[in-house]
Amino acid sequence: MIVGNCDEAVRFLKTGAVICYPTEAVYGLGCDPWCETAVKKIYKIKNRVEDKPFLLIASSITQLNKLIDIEKITDEVKCSWPGHYTWLIPSKLATPKWLIDSKTNLIGVRVSNHPTVIEICNKFDNPIISTSANKSHENSINSKQDIINIFSDDIDFLVDGDLGNNKKPSIIKNMLTNKIIRK
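Rules used throughout
- Residues numbered from 1 in each chain as written.
- Predicted model: local features only at pLDDT ≥ 70, side-chain atom pairs only at ≥ 80, totals over all residues.
- Heavy atoms only, no water.
- Pairing = 2+ DSSP bridges.
- Helix = DSSP H or I, 4+ residues; strand = E, 2+ residues; numbered from the N terminus.
- Axes fitted to C-alpha atoms, helices over the stretch in contact; angles between N-to-C directions.
- Contact = heavy atoms within 4.5 Å.
- Salt bridge = Lys/Arg side-chain N within 4 Å of Asp/Glu carboxyl O.

Participant: Honestly, the sheet that holds strand β8 (residues 157-159) in this entry has me stumped. Any pointers?
Facilitator: Sheet strands line up and pair through hydrogen bonds in the backbone, either parallel or antiparallel. Ordered in space as β1-β8-β2-β3-β7-β4-β6-β5-β9-β10, the 10 strands form an open sheet in which the pairing is mixed. Edge strands, defined here as strands with exactly one partner in the open sheet, are β1 (2-4) and β10 (180-182). Across the sheet, the axes of successive neighbouring strands diverge by a mean angle of 35°, strand direction being ignored. Bridge count for strand β9 (residues 171-174) against β10 is 2 bridges, and the pairing is antiparallel. Note on β10: the bridge partner recorded for Lys173 is Ile180. Here helix α4 (residues 115-124) sits on the sheet and contacts β2 (19-22), β4 (55-58), β7 (128-132) and β8; the angle it forms with β2, its principal contact strand, is near 135°.

Written out as structure tokens, the structure is:
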């Protein structure tokens, strides 16, 4: 695992690599969401079933335009971003199938206010996959040294940076029903 800055992380993203980066609460695993091979690498790293899609994180609402109809998002969604809220929103027809929940046709997206995430997404000029850096059904990791100890053989690149001040991963809500999926 190489440790470095956001510019280097973007170079790795463009090659189909998996990166780890700090978010508002925990370290996240990410990749280019349009690279199915990279997305499958994250499923393998996490030992996660492939019928549970990953969330995406962006630096602005406009970055989500390829995935969702941004004209149809609610005021509540708009007011929560940038921030620590992930929303399940109807996806566009052209959205890659591996990003969509096959049962609901919704996609989980968030616009972050974390400076490292913003820098990565701006330089990548796209949203990235965002899932907590942990094995499925295990606690999320909030220690750089734990990331190195646990994932050094699995993750290509670790972005050096600080976690935000939130204690738990983002709240997840369904935009259509307003139901809270994760507190």
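Back to the text.
Participant: Would you explain the pattern of salt bridges in this entry?
Facilitator: It is possible for side chains bearing opposite charge to pair when their charged atoms get close. If you walk through the whole model with that rule in mind, you get 9 salt bridges. Between Lys123 and Asp7 there is a salt bridge; the shortest N-O distance is 2.8 Å. One end of the pair, Lys123, is in helix α4; the other, Asp7, is in helix α1 (residues 6-13), and 116 residues separate them in sequence. Connected through shared salt-bridge partners, Asp7, Glu119 and Lys123 make up one network.

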